[in-house]
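So the chains spell out like this:
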Amino acid sequence: MSPVAVYARRLAVLPRALAILELHPDGLPMADLAGELGVGPEDLREVFMAYYLADLVALDSLSLPVVEFVGPGSDWTDEGDVDDPSGGPGPVGPEWVRVLAPDPEHELGVDHLTAEQLGALYRAGTDLLALEPDNDTLAAALEAFATALEPADTGGDERRGATTAQQMHRAAEDRRRVEITYSRQWHPGTTTRTVEPYRVVRTRRGWEVDAGPPDDVAAVRTYLVSGIIDVRTTDETFELPADLDDLLAANRRPETVELVVPQESRWAVDRFAESSEVVADDEDDVALRAQLLPPVAQRLGLLLLCASPDAFVTAPDALRDAGVDAAHALLAHHEATAP
C-alpha cells in the first residue's frame, strides 16, 4: 500500500478520537486515547498535528484550534499559544489531549487541508480504488470529492489512470491477456501488443504493470499506466511462470552507478534513480552513488541528457558512454522524422 493510502487510513481514526474526547472535557492522556483507538501515541499525535495544528496560522477562519495538547513537550499548553508554545507549564506527567471546539466532529472537512494534503488524500483514494474496484462507496466518495474540487487540471488524468490500473488489476487477478496501445518510454512512437499482466504496483512514478510474456529481450517488462493509451481485456487466459517471484525480483533489482552532476542538476538524479547517496560535493558539483532500475543504459542516458553536458559517469566503465549513446539515438530519430 502506498504511503498516502496508509496516511488516509490513519486519518480515519479522527472521528472516533473526537467522539471519545467529547465525553472527557478535561482531556485524556494521549497514550490512553491511542490505546483505546488501537494506534500508537506518536501516530495519533501526528494525525492531530497534520490535520489541525500544522497550518493553524494560515487558517484565518478558525478562532481557536479544535484540539489542544497539554503537558511536557506539548506544542500547546494551558497558558501558551501558537506564537509561544512554551508559554505555560501544563500539568505534570504524560501528555494529555483535549478538545476546545463545542462540536469538534463538525470541524472535520476539507477546509482544514492544504492543496498538497488534498492531493495526497485524493491519490490515496484512487490508489485504494484501483485495488478495490468493487468498492462502490469509495468510488462515489471520490466522485463527490473530485466534483467539489473542480476546476482541476489533473483530475481527469488521475481518474483515467486509476481506471486503467483497475482494469489491469482485474486482468492480473483473472489471468487474462490484455491488448494495449502503449506510448513507449525508451523508444519513440507507440506500439500495440498483447501482454500478460502479472501484477500492478504503485511507485513514486505512479501505477506500473509488470507483465509478460517472456521474450528474447526480457523475461518481464514494466509498463507505466500513464503511458497506456488504450486497453482491452481479451478472453484469452495465461499461466503464471513457475519462477515468477524470481523474475519480478530480477526485473526490479537496481544497479549501482556512480556519477558526478552539477549541483543544480541533482533533480535529474531524483527523477530517474530509485535512490541515491552523496559521496562528495562542493559548491559546483556533487558526486553520487545512484540505484537505477533496468533498462539501466537508457535510463542513465536520459538522466545525463537532462543533467547537462557537465554530468558524467565514473563507474562502471561499461556505462560511461550512456549519455553519448542516448544523444546519438535521439539525433538519429529526429533526422529520420525530419521533413
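Report follows, based on the coordinates. Just so it is clear, the structure is predicted and the values come from calculations on it, not from any experiment.

## Looking at the environment of Leu224
Turning to step 1, where the next piece is worked out: Mapped onto the elements, Leu224 comes out in strand E7 (residues 221-224).
Turning to step 2, where the next piece is worked out: Exposure remark for Leu224: the relative accessible area of 15% places this residue in the buried category.
Turning to step 3, where the next piece is worked out: Sequence separation between Leu224 and Ala165 is 59 residues; the distance between their C-alpha atoms is 9.8 Å.

## Structural notes on helix H10 (residues 296-307)
Turning to step 1, where the next piece is worked out: The terminal C-alpha atoms of H10 lie 16 Å apart, and with 12 residues this matches the ideal 16 Å at 1.5 Å per residue to within 8%.
Turning to step 2, where the next piece is worked out: The complete set of buried residues in H10 reads Val296, Arg299, Leu300, Gly301, Leu303, Leu304 and Ala307.

## Structural notes on the sheet that holds strand E3 (residues 96-99)
Turning to step 1, where the next piece is worked out: Taken in spatial order, the 3 strands of this open sheet run E1-E3-E2, and their pairing is antiparallel. Both edges of this open sheet fall to strand E1 (28-29) and strand E2 (67-70), since each of them pairs with a single strand only.
Turning to step 2, where the next piece is worked out: When E1 meets E3, the two strands line up antiparallel, connected through 2 bridges. The partner of Leu28 across the bridge, within E3, is Val97.
Turning to step 3, where the next piece is worked out: In the packing of helix H2 (residues 14-22) onto the sheet, the strands contacted are E1, E2 and E3, and the crossing angle to E3 comes to about 85 degrees.

## As for the side chain of Ser265
Turning to step 1, where the next piece is worked out: Within the fold, Ser265 resides in the loop between strand E9 (255-262) and helix H9 (266-272).
Turning to step 2, where the next piece is worked out: A residue is classified by how much of its surface remains accessible, and Ser265, at 6% relative accessible area, is buried.
Turning to step 3, where the next piece is worked out: With residues up to four places along the chain from it excluded, the contact list for Ser265 reads Ala307 and Ser308.

Here is what the cut-offs are and how they apply
Residues numbered from 1 in each chain as written. Predicted model: local features only at pLDDT ≥ 70, side-chain atom pairs only at ≥ 80, totals over all residues. Heavy atoms only, no water. Helix = DSSP H or I, 4+ residues; strand = E, 2+ residues; numbered from the N terminus. Buried < 20%, exposed > 50% of the residue type's maximum accessible area, 1.4 Å probe, protein only. Expected span 1.5 Å × (residues − 1). Pairing = 2+ DSSP bridges. Contact = heavy atoms within 4.5 Å. Axes fitted to C-alpha atoms, helices over the stretch in contact; angles between N-to-C directions.

These results come straight from atomic positions and should not be treated as a statement about function.
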